[in-house]
Amino acid sequence: QMQLVESGGGLVQPGGSLKLTCASSGTYVNIYAMGWYRQTPGKQRDLVARVTTHGGTRYADSVKGRFTVSMDTAKNIVYLQMSSLKPEDTAVYYCNAEPSSLDPDYGLTYWGKGTLVTVSS
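Numbering of residues starts from 1 in every chain and runs along the sequence as written. The predicted nature of this model means local features are confined to residues of pLDDT at least 70 and side-chain atom pairs, given and counted, to a pLDDT of 80 or more, with totals for whole chains, interfaces and linings taken over all residues. Hydrogens are left out, water is left out, and the side-chain values use all remaining heavy atoms of the structure.

Undergrad: Tell me about the sheet that holds strand S7 (residues 67-72), and please be specific about residues and values.
TA: Strands are treated as partners if at least two bridges between them are detected by DSSP. Each helix corresponds to a stretch of at least 4 residues labelled H or I by DSSP, and each strand to a stretch of at least 2 residues labelled E; elements are numbered beginning at the N terminus. Taking strand neighbours across the sheet as the criterion, the four strands line up as S1-S3-S8-S7 in an open arrangement whose pairing is antiparallel. Each edge of the sheet is formed by a strand with only one pairing partner; in this case those strands are strand S1 (2-7) and S7. Across this sheet, the average inter-strand angle for adjacent strands is 15 degrees, counted without regard to direction. Bridge count for S7 against strand S8 (residues 77-82) is six bridges, and the pairing is antiparallel. Counterpart to Thr-68 in the pairing with S8 is Gln-81. Angles run from 0 to 180 degrees between N-to-C directions of axes, and those axes are lines fitted to C-alpha atoms, restricted for helices to the stretch in contact.

Laid out in structure tokens, this is it:
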């Protein structure tokens, strides 16, 4: 199976920037899309940004213009560049990967264990 590991989280002041990285390891999986979700205590996990291997992207309205998602399709690595961070961006950020229809794991979704981002002065 493929494993996903997030890194780059931490404490940042409002208005600051962070770059999150999600790297894959283990069995190679033919991926269609990778993305970032975030969750705060007591709330559901919500989509932040998603990118496909064809370059298509989707963002939550709350992060448009501030966050940029990108993907290294050869290595199954996904990045999230976050700028102009706000206290309401504080959350645990999780990455995920969706296997393509060409892969035996099609229909499954892989998740990382998350990295905490805290935006506070």
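Undergrad: Mind laying out the pairing of strand S9 (residues 91-99), listing which residues take part and the relevant values?
TA: The buried label applies to any residue whose accessible area, calculated with a 1.4 Å probe on protein chains only, is under 20% of its type's maximum; exposed applies above 50%, and partly exposed to all values in between. Burial of S9 is extensive: eight of the nine residues sit out of reach of the surface. Here strand S4 (residues 31-39) pairs with S9 via eight bridges, running antiparallel. What sits directly across from Arg-38, in S9, is Tyr-93. Bridge count between S9 and strand S11 (residues 115-119): three bridges; the pairing is antiparallel.

Undergrad: Quick one: what's the story with the pattern of salt bridges, residue by residue and with numbers?
TA: For side chains bearing opposite charge, pairing can occur when the charged atoms are close. Salt bridges are identified by distance alone: a Lys or Arg side-chain nitrogen within 4 Å of an Asp or Glu carboxyl oxygen. Evaluation of the coordinates by the stated rule reveals four salt bridges. Close ionic contact of Asp-61 with Lys-64 constitutes a salt bridge, the shortest N to O distance being 3.1 Å. The class of Asp-61 is exposed, set by a relative accessible area of 63%. Residues Arg-66 and Asp-89 are paired through a salt bridge, measuring 2.8 Å at the closest nitrogen-oxygen approach. One end of the pair, Arg-66, is in the loop between strand S6 (57-59) and S7; the other, Asp-89, is in the loop between S8 and S9, and 23 residues separate them in sequence. Pair check on accessibility: Arg-66 and Asp-89 agree, each one buried. When salt bridges that share partners are traced, they join Arg-38, Arg-66 and Asp-89 into one network.

Undergrad: I'd like a rundown of the nonpolar core, residues and numbers included.
TA: To form a nonpolar core, buried Ala, Val, Leu, Ile, Met, Phe, Trp, Tyr and Cys residues must be joined to one another through side-chain atoms within 4.5 Å. With 29 residues, the main nonpolar core has Trp-36, Leu-80, Met-82 and Tyr-93 as its most contacted residues. It is S9 that provides the largest number of residues to this core, a total of four residues. Residue contacts are counted whenever heavy atoms from the two residues lie within 4.5 Å of one another. The contact partners of Met-82, leaving out residues within four places of it in the chain, are Gly-16, Ser-17, Leu-18, Leu-20, Arg-66, Phe-67, Tyr-93 and Val-117.

Undergrad: How would you sum up the side chain of Arg-38? Please name residues and give values.
TA: By the secondary structure assignment, Arg-38 is in strand S4. Counted as a polar contact is a pair of N or O atoms within 3.5 Å, where, for protein atoms, one must be capable of donating a hydrogen and the other of accepting one, and residues adjacent in sequence contribute only when both atoms are in side chains. There is a polar contact of 2.9 Å between the side chain of Arg-38 and the side chain of Asp-89. Within the local environment of Arg-38, its side chain forms a polar contact with the side chain of Tyr-93, the two groups lying 2.9 Å apart. Arg-38 has contacts with Gln-44, Arg-45, Asp-46, Val-48, Ser-62, Val-63, Phe-67, Glu-88, Asp-89, Ala-91, Val-92 and Tyr-93, leaving out every residue within four places of it along the chain.

Undergrad: Describe the packing of aromatic side chains, naming the residues involved and giving the relevant values.
TA: Planes of paired rings set the category: under 30 degrees apart is stacked, over 60 is edge-to-face and the rest tilted, where pairs are Phe, Tyr or Trp rings (Trp by its six-membered ring) whose centres lie within 6.5 Å. Summed over all chains, the structure comprises one aromatic pair. Taking NZ or CZ as reference, Lys-19 lies 4.7 Å from the ring centre of Tyr-79, over its face. Remark: a charge is flagged as sitting over a ring if the NZ atom of Lys or the CZ atom of Arg is within 6 Å of the ring centre and within 35 degrees of the ring normal. One Lys or Arg, Arg-45, reaches over the ring of Trp-111 and ends 4.8 Å from the middle of that ring.

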